[in-house]
Amino acid sequence: MLKNYFKIASRSLLRKRMFSLVNILGLSVGLASVMIISTYLINELGFDRQHADANSIYRVIEVEKSPDQPERKIARVGGALGRYAQTDIPGIESYNRIMQLGGLSLTYQDKDFEDDYVCVDPNFFSFFDFKLISGSKEGVFSNPLDVVMSQSMAQKYFGDEPAVGKKLSTRVRGVDYEVTVSGIMEDMPQNSHLNFEMLLSFGSANTFFNGFSEAENNEWQDTNMITYYKLNEGVNASQVAASVKDMVEKNRTPREGWTYNFDLQPLTDIHFASADIDGDLNYREGDLSYVYIFSFIGLLILAIAFANYVNLSTIKATDRIKEIGLRRVVGANRSQLIAQFMSESVFISLISLVLAVTFLQFCDPLVVLLFGYNLLDGIYTVGYMSAMSAAVILIG
């Protein structure tokens, strides 16, 4: 019976090819547009939510004001705010610090490279949920000169060769060193405010710069490290921030006329709430107003596409009154006629969906150019959701 319905639907479409083409193309363009916008919205609203403890992680923000300058928010704080906060302030489960130290020249088999790197605390892959392809979370920074690379960087350096265990030569401040690749991580997601390709531990910085990281561990005055806290369940972030302020005031040399305060910024707020914060390492900052604008545009396009479909279907229905009458004469009942028209709606929706996904293949380079991420990464989930919505609405 179902096969027969779809056979009749295909014959109906072929009888009026131009009418059917306009109907299907209009719905396809509408669906494709909504899929693109939905993917953008999902990507933006999902920033930094890939971590299991995302709702418990906060970035420490220092708010300073000097006598001759307005209030300033800084994402970098003294290195001491890591380990001393965890031991002296209740409610902090763990911390991780990130410090950008510029570029590192590396050599492998007479091939020279130079890439930026950051230093992190050894618990980086336990604190955050960035996925390691090779190496263990606990062991990738067990030695001072261990390095973790992204999958893309490992491909650039070593091609298809296994990367873990490979040694690279470098020269820092006139001294030769050899670093070892201890782990390979998946490229960091495009909807993460952190996006690095090479990670070393602070042990490396300590080796390269003669005790540098040890000195930073006790630094209260200079603001060099981006610091994150993971709070225990039920802990009030504002109370922790107040405790951080008290701790810093006890240990920092006061400066006349300067005032300091501290905030804990939720990890999931960083993407949309960092425009007025200096010194961060945000891969890309978002604007919530664009989310509202594109949401409205998406709903408008969807409404227009469905209105166009309904209007065209209504016009077409007037031409099929004779067909309906003949079917009733030969014995078709009301439920069978409804099933027939429902099957035609589903058939048109499926064709439109296939065309919409095809359009997206060609739109992907444009989306990368406009939004900075690959459309196809999340399109199948969005496509499924859009198809389900279209079918429900069209069938009624």
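In this text, all values refer to a predicted model and were calculated from it rather than measured experimentally. (Residues numbered from 1 in each chain as written. Predicted model: local features only at pLDDT ≥ 70, side-chain atom pairs only at ≥ 80, totals over all residues. Heavy atoms only, no water.)

Engineer: Just to check I follow, could you spell out the overall build of the chain for this structure?
Structural biologist: From N to C terminus, the chain includes 12 helices and 13 strands. In the chain, buried positions account for 44% of the 396 residues. If you take every contact in the chain between residues at least 6 apart in sequence, the share linking residues at least 24 apart comes to 75%. For the chain, the exposed surface amounts to about 20,200 Å²; the carbon and sulfur share of it is 56%. (Helix = DSSP H or I, 4+ residues; strand = E, 2+ residues; numbered from the N terminus. Buried < 20%, exposed > 50% of the residue type's maximum accessible area, 1.4 Å probe, protein only. Contact = heavy atoms within 4.5 Å. Areas by Shrake-Rupley, 256 points an atom, 1.4 Å probe, with all protein chains shown as cover.)

Engineer: How should the packing of helix α3 (residues 80-88) against helix α8 (residues 237-251) be read in this particular structure?
Structural biologist: In a pair of packed helices, the angle between the axes and the distance between the axes together describe the arrangement. Axis separation between α3 and α8 bottoms out at 11 Å; the angle between their running directions is 115°. Between α3 and α8, the crossing angle belongs to the class labelled roughly perpendicular. Two packed elements cross with a definite hand, and for α3 against α8 that hand is right-handed. Along the contact surface, α3 presents Leu81, Tyr84, Ala85 and Asp88, while α8 presents Val244, Met247 and Val248. (Axes fitted to C-alpha atoms, helices over the stretch in contact; angles between N-to-C directions. Parallel < 35°, antiparallel > 145°, perpendicular 65-115°, else oblique. Left-handed = near helix turned anticlockwise from the far one by under 90°.)

Engineer: Please clarify how the side chain of Asn217 should be interpreted in this entry.
Structural biologist: Mapped onto the elements of the fold, Asn217 is located in helix α7 (residues 212-217). Ignoring any residue separated from it by four or fewer positions in sequence, one finds Asn217 in contact with Gly79, Ala80, Arg83, Tyr84 and Arg97.

Engineer: Looking at this structure, how should I read the pattern of salt bridges?
Structural biologist: Pairing between side chains of opposite charge can happen when their charged atoms approach one another. Inspection of every chain in the model, using the stated rule, returns 11 salt bridges. Its salt-bridge partner being Lys131, residue Glu186 comes within 3.8 Å of it at the nearest N-O pair. Remark: Lys131 occurs in the loop between α4 (124-127) and β6 (132-134) and Glu186 occurs in the loop between β9 (175-185) and β10 (198-201); sequence separation between them is 55 residues. (Salt bridge = Lys/Arg side-chain N within 4 Å of Asp/Glu carboxyl O.)

Engineer: How should the confidence of the model for the chain be read in this particular structure?
Structural biologist: Regions with low pLDDT carry predicted coordinates that are not meant to be interpreted in detail. Looking at the chain as a whole, its pLDDT mean stands at 83, while 81% of the residues score no less than 70. This model gives residues 380-396 a pLDDT under 50, and the stretch forms 21 contacts once residues within four places in sequence are excluded. (pLDDT = per-residue confidence, 0-100.)

Engineer: Explanation requested: the environment of Phe262 in the structure shown.
Structural biologist: In this fold, Phe262 is placed in strand β12 (residues 259-266). The spacing of Phe262 and Val248 is 14 residues in sequence and 9.5 Å in space, taken between C-alpha atoms. Apart from residues no more than four positions distant in its own chain, Phe262 is found in contact with Val60, Ile61, Glu62, Val77, Leu81, Ala241, Val244, Lys245, Val248 and Arg252.

Engineer: Quick question: what am I supposed to make of the environment of Met247 here?
Structural biologist: Summarising the element assignment, Met247 is placed in helix α8. On a C-alpha basis, the gap between Met247 and Trp220 in space is 9.9 Å, while along the polypeptide they are 27 residues apart. Excluding anything up to four places from it in sequence, Met247 contacts Leu81, Tyr84, Ala85, Asp88, Ile89 and Trp220.

Engineer: Got a minute to help me understand the nonpolar core in this structure?
Structural biologist: Burial of nonpolar side chains together is a common tendency in soluble globular proteins. Residues Tyr157, Phe158, Leu168, Met198 and Phe208 are the most contacted members of the largest nonpolar core, which totals 27 residues. Taken together, the elements giving at least two residues each to this core come down to β4 (92-108), β5 (111-120), β7 (146-150), α5 (151-158), β8 (167-172), β9, β10 and α6 (202-208). The contact partners of Leu168, leaving out residues within four places of it in the chain, are Leu106, Thr107, Tyr108, Met149, Tyr157, Phe158, Tyr177, Glu178, Val179 and Val181. Core analysis: the second largest hydrophobic core is formed by 24 residues, Phe124, Phe128, Val148 and Phe196 among them. (Core = buried A, V, L, I, M, F, W, Y, C linked by side-chain atoms within 4.5 Å.)

Engineer: Sorry if this is basic, but what is going on with α8 here?
Structural biologist: Because the α-helix completes a turn every 3.6 residues, residues three or four places apart line up on one side. Relative to the 21 Å expected for 15 residues at 1.5 Å per residue, α8 spans 21 Å between its end C-alpha atoms, a close match to the ideal helical length. Those residues of α8 that fall on the buried side of the exposure criterion are Ala237, Val240, Ala241, Val244, Met247 and Val248. Within α8, the buried residues cover an arc of 120° as seen down the axis, which keeps them to one side. The exposed set on the far side of α8, more than 90 degrees from its buried face, consists of Ser238, Gln239, Glu249 and Lys250. Structurally, α8 contributes buried residues whose contacts are with β1 (57-66), α3, β4, β11 (225-231) and β12. (Expected span 1.5 Å × (residues − 1). Arc of directions from axis to C-beta.)

Engineer: It is not clear to me how unusual backbone geometry should be interpreted in this structure. Could you clarify?
Structural biologist: What you tend to see is this: most non-glycine residues have negative phi, and most peptide bonds are trans. For Asp48, which is not glycine, the phi dihedral falls at a positive 65°. On the secondary structure map, Asp48 appears in the loop between α2 (17-45) and β1.

Engineer: Which parts of the structure should I look at to understand the side chain of Lys230?
Structural biologist: Position of Lys230 relative to the elements: it lies in strand β11. At 3.2 Å, the side chain of Lys230 forms a polar contact with the side chain of Asp53. Polar side-chain contacts of Lys230 include one of 3.1 Å to the backbone oxygen of Phe127. Setting aside its immediate chain neighbours within four residues, Lys230 contacts Asp53, Ser56, Ile57, Gly91, Ile92, Glu93, Ser94, Ser126 and Phe127. (Polar contact = N/O pair within 3.5 Å; in protein donor to acceptor, adjacent residues only side chain to side chain.)

Engineer: Please clarify how α5 should be interpreted in this entry.
Structural biologist: Those residues of α5 that fall on the buried side of the exposure criterion are Met153, Ala154, Tyr157 and Phe158. Looking down the long axis of α5, one finds its buried residues gathered within 105° of arc, a one-sided arrangement. Buried residues along α5 sit against β4, β5, β7, β8, β9 and β10. Looking one or two residues beyond α5, the residue adopting positive phi is Gly159, at roughly 65°.

Engineer: Is there a simple way to think about the pairing of β11 in this case?
Structural biologist: Residues in a regular strand project their side chains so that they alternate between the two faces of the sheet. Burial runs high along β11: 7 of the 7 residues are buried. With 3 bridges joining them, β1 and β11 adopt antiparallel strand pairing. Within β11, the position partnered with Ile57 by the bridge is Lys230. As paired elements, strand β3 (residues 76-77) and β11 share 2 bridges and run antiparallel to each other. Looking at β11, one finds that Arg76 is bridged to Ile226. Of the pairings in the sheet, the one linking β4 to β11 comprises 6 bridges and is antiparallel in character. Each bridged residue has a counterpart across the sheet, and for Arg97 the counterpart in β11 is Thr227. (Pairing = 2+ DSSP bridges.)

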